[in-house]
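# Geometric and topological summary
In case you want the letters, here they are:
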Amino acid sequence: MACLCLTYEVLIEKSRKQSEKFNICSLCVCVGKPYTRLWENILTRKAHTLLTTLNYSLLLLTRYTLQHTLHKITSVSMTHVAYSNVERALLQFIMASGPIKRENLVLIHQKLKAEFNETGLHEHEVAEVKNRDAEDCVEVINDRLRDLGFEIITTRSQDTQEMMYMYVNTSTDIAAQNFTAHTKPEVEAIKKMIEKIFADTDGEEQFIITSKEAHGICRSETNKSSSEIELFLRELVNEGWFDTVGGVYFLSTKALGELRRALLDQYGAKTHESDNQGLVNICEGCREIVTRGLRCPNSACNVRFHKKCQANFVTARGSQCPGPTCNIDWKEHDPSYVGEKAIKRFTQYVDIEN
């Protein structure tokens, strides 16, 4: 047996001046020698960059998740459905790499099947594994994950609308998500930052938190120094929970996918079918959360779009707002924004298509 991650190391930044190396071979579940070379070949530059920026807390969390969860997965009984090293390796890759584009997932799955040569399966099971497409493979994995409180879900980039696959904790409690690598005060700081992001007191729907506000929350909740807070915020960005641009932080694609249910439960949805009580915008096109996009120029209308979804809608159905009581023609008005571009000082240099 050989470890999939045999040659990879994680560089964990302990401070600004010092770093330590941790070999991550012990993190993965060995699935056989043929996959060692394959793992090295299919790890993309992006995934490798992610691995080399994981902090020590995330390392411990990943170690627990991979060893404990995958051990449980292999013990769950599935009648008449073959579960092979292809599924195991694909799950490990998704867990390690974070959100992955659909075309990359398909490519990796094809390479795994090409290398597939597993003993211990019946001939019809081998044929079943080789005939599965990537989506079917993910569904087989999910059949084992769901009872454990995890799932591989699909979501879309708010900027490009590309379909992404990602491994998530399906808990509906924000505090019970994969923030458990952090201390209790740090988790409280994260929760307060999210609350600030969705505290739409002025109606501008910016869905951001400034660096100054983030520092203030972290200082009051954790008693960290300024340099420690800066490192903590950098960790949250490296872990994929927040993105940052121009001195502000906003929830990433990963965070929105993982926290979707919790956010909707806590803050409520805002659509043209709902009243104004909800704070979470839902795109009229793809029905995913909108924190960066476009809003109807009519302030009384709850219609929201991602930018590309709005363009697709106009092409297919025209520029008339789909709100049942709204008569706005979007082409006759300047665009109104959702997200950091709603702040005038960002309009000149922040492009939500980036």
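For the structure, check the block above.
Residues numbered from 1 in each chain as written. Predicted model: local features only at pLDDT ≥ 70, side-chain atom pairs only at ≥ 80, totals over all residues. Heavy atoms only, no water.

### Thoughts on the sheet that holds strand β10 (residues 280-282)
For sheets, the rule is that strands pair by backbone hydrogen bonds, running either parallel or antiparallel. What the three strands build is an open sheet, ordered β9-β10-β11; its pairing is mixed. In this open sheet, the two strands that pair with only one neighbour each are β9 (269-270) and β11 (289-290). Direction of pairing for β9 relative to β10: parallel, over a ladder of two bridges. By the bridge assignment, A269 is partnered in β10 with V280. Of the strands in this sheet, β9, β10 and β11 touch helix α11 (residues 253-267), which is tilted by about 115° from β10. (Pairing = 2+ DSSP bridges. Helix = DSSP H or I, 4+ residues; strand = E, 2+ residues; numbered from the N terminus. Contact = heavy atoms within 4.5 Å. Axes fitted to C-alpha atoms, helices over the stretch in contact; angles between N-to-C directions.)

### Considerations on the packing of aromatic side chains
Two numbers describe a pair of aromatic rings. These are the distance of the centres and the angle of the planes. Enumeration according to the criterion identifies five aromatic pairs in this entry. Judged by centre distance (5.3 Å) and plane angle (10°), the ring pair of F150 and Y167 falls under stacked. Of this pair, F150 sits in strand β4 (residues 150-156) while Y167 sits in strand β5 (residues 163-169), and the two are 17 residues apart along the sequence. By relative accessible area, F150 is classed as buried at 14%. Judged by relative accessible area, Y167 falls into the buried class, the value being 10%. Between F198 and F207, the ring centres sit 5.4 Å apart and the planes meet at 65°, which makes this aromatic pair edge-to-face. Considered together, F198 and F207 belong to a single accessibility category, that of buried residues. Of the aromatic side chains, those joined through ring pairs into one cluster are F198, F207 and Y267. The ring of F232 has K224 lying over it, and the distance from NZ or CZ to the ring centre is 5.6 Å. Against the face of W241 rests K254, its NZ or CZ located 4.6 Å from the ring centre. (Phe/Tyr/Trp six-rings, centres within 6.5 Å; stacked < 30°, edge-to-face > 60°. Buried < 20%, exposed > 50% of the residue type's maximum accessible area, 1.4 Å probe, protein only. Lys NZ or Arg CZ within 6 Å of the ring centre and 35° of its normal.)

### Section: the environment of T154
Position of T154 among the secondary structure elements: in strand β4. A C-alpha to C-alpha distance of 8.0 Å links T154 and G257, two positions 103 residues apart in sequence. Those residues in contact with T154 that lie beyond four places of it in its chain are M163, M164 and Y165.

### Remarks on the packing of helix α5 (residues 102-114) against helix α7 (residues 134-145)
In the contact formed by α5 and α7, the axes pass within 9 Å of each other and the chain directions differ by 85°. Judged on the interaxial angle alone, α7 and α5 are roughly perpendicular. Residues R102, L105, V106 and H109 of α5 form the contact with α7, whose participating residues are A134, E135, C137 and V138. (Parallel < 35°, antiparallel > 145°, perpendicular 65-115°, else oblique.)

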